Amino acid sequence: ALSVFLDQQVQGFATTEAHLRMVKAAVKVLGVLTDPQTSSLVMASGPDHSLVVADAGHICRLVCVCALRWSINRGDGDLQTMLLELINENIELLLLAPSRERIVPV
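Description of the structure in this document. These numbers come from a predicted model, not from an experiment.

This part takes up the side chain of Asp76. Structurally, Asp76 can be placed in the loop between α4 (47-74) and α5 (77-89). With no salt bridge to any partner, buried Asp76 finds its closest opposite charge in Arg74, at an N-O distance of 8.2 Å. A polar side-chain atom of Asp76 sits 2.5 Å from a polar atom in the side chain of Thr16. Residue contacts for Asp76: discarding those within four places in its chain leaves Thr16, Trp70 and Ser71.

Take a look at the structure:
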């Protein structure tokens, strides 16, 4: 999904729906990776899991910022509102997901 979205973005065919869908998907993936109730923590642990979470957090933050910037550049107030609501609902997840710089592999 990400590669299709990026192809559309580069070619200038990205839509409001595509941006919103990509942000929702990125937040969902990050949520699953950081939720202690999911099997992702059971199946992967240690430094490998930490690196995956860091990468997912970084990608999620970038997708949110890029989508918000795209909506501002296009003057798409509806998308801006939806993105800001989604970011607000998940602000702790977005800010507390570690970055690679803070992970020291064992």
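This paragraph deals with the state of the cysteines. What the rule picks out here adds up to zero disulfides. The closest cysteine sulfur to the non-disulfide-bonded Cys64 is located on Cys60, 4.5 Å from its own sulfur. For Cys64, a relative accessible area of 4% puts it in the buried group. No disulfide involves Cys66; its sulfur sits 9.5 Å from the nearest other cysteine sulfur, which is in Cys64.

It is at 9 Å that the axes of helix α2 (residues 16-34) and α4 come closest, and there the two elements cross at 155°. Judged by the angle between their axes, α2 and α4 are roughly antiparallel. For the element pair α2 and α4, the recorded crossing hand is left-handed. Listed contacts from α4 to Thr16, His19, Met22, Val23, Ala26, Val27, Leu30, Leu33 and Thr34 of α2 are His49, Val52, Val53, Ala56, Gly57, Cys60, Val63, Cys64, Ala67 and Trp70. Tallied by class, residues from the contact of α2 with α4 come to 14 nonpolar, five polar and no charged.

Moving on, we come to the environment of Val53. Mapped onto the fold, Val53 is located in helix α4. In this structure Val53 comes out as buried when scored by relative accessible area, which is 7%. Distance from Val53 to Val29, taken between C-alpha atoms, is 9.3 Å for residues 24 residues apart in sequence. What Val53 contacts, discounting residues up to four positions off in sequence, is Leu30, Leu33, Thr34 and Pro98.

In summary, soluble globular proteins display a tendency toward joint burial of nonpolar side chains. Ranked by size, the top nonpolar core spans 23 residues in total, and within it Val23, Leu30, Cys60, Cys64, Leu83 and Leu94 carry the most contacts. Where this core is concerned, the elements lending two or more residues are α2, α4 and α5. Leu30 has contacts with Val53, Ala56, Gly57, Cys60, Leu93, Leu94 and Ala97, leaving out every residue within four places of it along the chain.

Where α4 meets α5, the closest approach of the two axes is 9 Å, and the angle between their N-to-C directions is 155°. Considering their axes alone, α4 and α5 lie roughly antiparallel with respect to each other. The handedness of the crossing between α4 and α5 is left-handed. Contacts between α4 and α5 involve Cys64, Ala67, Leu68, Trp70, Ser71 and Ile72 on the former and, on the latter, Leu79, Gln80, Leu83, Leu84 and Ile87. Residues of the contact of α4 with α5, tallied by class, amount to nine nonpolar, two polar and no charged.

Calculation rules
- Residues numbered from 1 in each chain as written.
- Predicted model: local features only at pLDDT ≥ 70, side-chain atom pairs only at ≥ 80, totals over all residues.
- Heavy atoms only, no water.
- Helix = DSSP H or I, 4+ residues; strand = E, 2+ residues; numbered from the N terminus.
- Buried < 20%, exposed > 50% of the residue type's maximum accessible area, 1.4 Å probe, protein only.
- Lys, Arg positive; Asp, Glu negative; His and termini not counted.
- Salt bridge = Lys/Arg side-chain N within 4 Å of Asp/Glu carboxyl O.
- Polar contact = N/O pair within 3.5 Å; in protein donor to acceptor, adjacent residues only side chain to side chain.
- Contact = heavy atoms within 4.5 Å.
- Disulfide = S-S within 2.5 Å.
- Axes fitted to C-alpha atoms, helices over the stretch in contact; angles between N-to-C directions.
- Parallel < 35°, antiparallel > 145°, perpendicular 65-115°, else oblique.
- Left-handed = near helix turned anticlockwise from the far one by under 90°.
- Nonpolar A, V, L, I, M, F, W, Y, C, P; charged D, E, K, R; others polar.
- Core = buried A, V, L, I, M, F, W, Y, C linked by side-chain atoms within 4.5 Å.

Read these as spatial facts, not as claims about activity.
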